[in-house]
Amino acid sequence: MAVVRSGRRGDDEFVEFARASSARLQRAAYLLTGDRHQAEEAAQAALVRVYASWGRVRRKDPYAYARTVLANLITDQWRRPMREYATEQLPEQPVARDVADDVTRRRWLIGALKALSPRERTVIVMRHLFDITEVDVARELNLSLGTVKSLNSRALAKLRISVPSPRQGMESGATR
Amino acid sequence: MNDLDDLKDAMHSPPDFEPRELDLGAVMIQGGRLRRRRRLAVGATSAAAVLVLLVGGGQLVRAGGNRPDGGERAAASATATAPGSAGPAGGVQGDVISTGLTAPGGEPMVLWFQPLSGTKLPAIGLVAGRRAAGGALAADVISNDAEGEDRTPGFHAAQAPMMVDDRPTPAFGYFVGDPVKITVEANGRRVTARLARWSDDPSVVAFWFDPAEVKPDATLKKLTAYGKNGEPLPGAGVSFAVG
């Protein structure tokens, strides 16, 4: 009954939330599925579930709920397409790293992302697109913290991403 | 910018992908249905599974022409007191039914049938709403069977009264058959419904209870329809969908 009593106000809040989060959810879904149509369907399906639970999640963290639902939906329902991407053979990295050629660099990274295993890819998206901590990734994906750390580290290595150490970061920050 | 920044940048703006505007109307309709299905799955003991989508007045349907709202108690033999309206596609099917009730804001409370678009749903649902000044219809609650046929004899889409944005909505639904009286026990007291035949199909009789007599959160039992000789008609005892 609480949902009923706050129906219209709750709907307005949901629409505001959905508009604000829709683009990022679709991008995440695209990164997870590699297919634009599946991405739209997954993002829409995630929002359907968020709306169905809006009375319960609206006062908590609806965005966290949405990304968890999205990740689980894709893991559960689109497992096969994700597995099709999984391979140890990464695409060739552009030889000359042209700073001006951002699109080429992005395209390679997205292609390389598709080559990760589903769990690696999901951790990478949750950790670095949604920018949430490894602890939160572990909680939202129901994985152990050690597993998340391991998946993240292995995936970044496959992507040939060098992560600056805290010391490097501090030095870098000090020179700016 | 380091490699990790490159990755984040690429993920935030993946080439060859541009997010589209999602159909939030469809999202809310499907989400509402899912919510109802979950509630039914948890608590339904009703013989007639009912799916109710709360609209909460957010959807305004323009009713055409001037339409007097009679407000009198409609007999089962009577058709709806208000003439039909041609709302937008998917909006109003047949005549808008005047309930004779008034919302706290002074707006007449009305019912209307609405065609449903879901492939697995019955063809019609019944909407409880209000007529705003100027003739626009504001929907509060849509009730429809979640499965089965919508024209089988007996009760359909029975929905318990509730509060929507601090406004009471009536217990309502429809009966397929030829009832002259429909009653329910509200907190142990027998209350008689108001009835109106649907203009599109006279075998369909909408019923509703005055929220002053059947209040939200009332315990409702023994919903029963009676024929012209006072005999109970088949389908008695169905439960109301709640929330």
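Not measured: the values here are computed from a predicted model.

## Section: the sheet that holds strand β11 (residues 181-186) of chain B
Residue and element names in this part refer to chain B. Ordered by their spatial adjacency, 3 strands build an open sheet running β12-β11-β15, and the pairing between neighbours is antiparallel. Of all the strands in the sheet, just β12 (189-192) and β15 (220-226) have a single pairing partner and so form its edges. Direction aside, the axes of adjacent strands within the sheet are offset by 20° on average.

## Details of the nonpolar core
If you look at the biggest cluster of nonpolar residues, it comprises 51 residues, and the most contacted ones within it are L111, W112, A206 and F207 of chain B. Excluding its chain neighbours within four sequence positions, the residues that come into contact with A206 of chain B are I97, L111, L126, Y174, L195, A196 and W198 of chain B. Counting residues in hydrophobic clusters, the runner-up holds 49 residues, among them L25, V50, A71 and L116 of chain A.

## A word on the confidence of the model for chain B
In low-pLDDT regions, the fine details of the predicted coordinates are not to be read closely. Residues and elements named next belong to chain B. Model confidence for chain B is summarised by a mean pLDDT of 75, while 72% of its residues fall at 70 or above. Least confident of the elements in chain B is strand β2 (residues 60-62), whose mean pLDDT is 38; most confident is strand β14 (residues 204-208), at 95. Every residue in residues 41-49 is under pLDDT 50, and counting partners more than four places away or in other chains gives 15 contacts. Here residues 56-90 is a poorly scored stretch, pLDDT under 50, and it has 93 contacts once near neighbours within four places are set aside; other chains count. Interface confidence in the predicted complex, given as ipTM, is 0.74; pTM for the same model is 0.47.

## Some thoughts on the packing of helix α9 (residues 134-141) of chain A against helix α10 (residues 145-158) of chain A
All names here are of chain A. Between α9 and α10, whose axes approach to 8 Å, the crossing angle comes to 110°. The orientation of α9 with respect to α10, classified from their angle, is roughly perpendicular. At the point where α9 passes α10, the crossing takes the right-handed sense. Facing E134, V135, V137 and A138 of α9, the residues of α10 in contact are L145, V148, K149 and N152. The class makeup of the residues in the contact of α9 with α10 is 5 nonpolar, 1 polar and 2 charged.

Thresholds applied
- Residues numbered from 1 in each chain as written.
- Chains lettered and ligands numbered in written order.
- Predicted model: local features only at pLDDT ≥ 70, side-chain atom pairs only at ≥ 80, totals over all residues.
- Pairing = 2+ DSSP bridges.
- Helix = DSSP H or I, 4+ residues; strand = E, 2+ residues; numbered from the N terminus.
- Axes fitted to C-alpha atoms, helices over the stretch in contact; angles between N-to-C directions.
- Core = buried A, V, L, I, M, F, W, Y, C linked by C-beta atoms within 7 Å.
- Buried ≥ 20, exposed ≤ 12 C-beta atoms within 10 Å, placed from the backbone.
- Contact = placed C-beta atoms within 7 Å.
- pLDDT = per-residue confidence, 0-100.
- Parallel < 35°, antiparallel > 145°, perpendicular 65-115°, else oblique.
- Left-handed = near helix turned anticlockwise from the far one by under 90°.
- Nonpolar A, V, L, I, M, F, W, Y, C, P; charged D, E, K, R; others polar.

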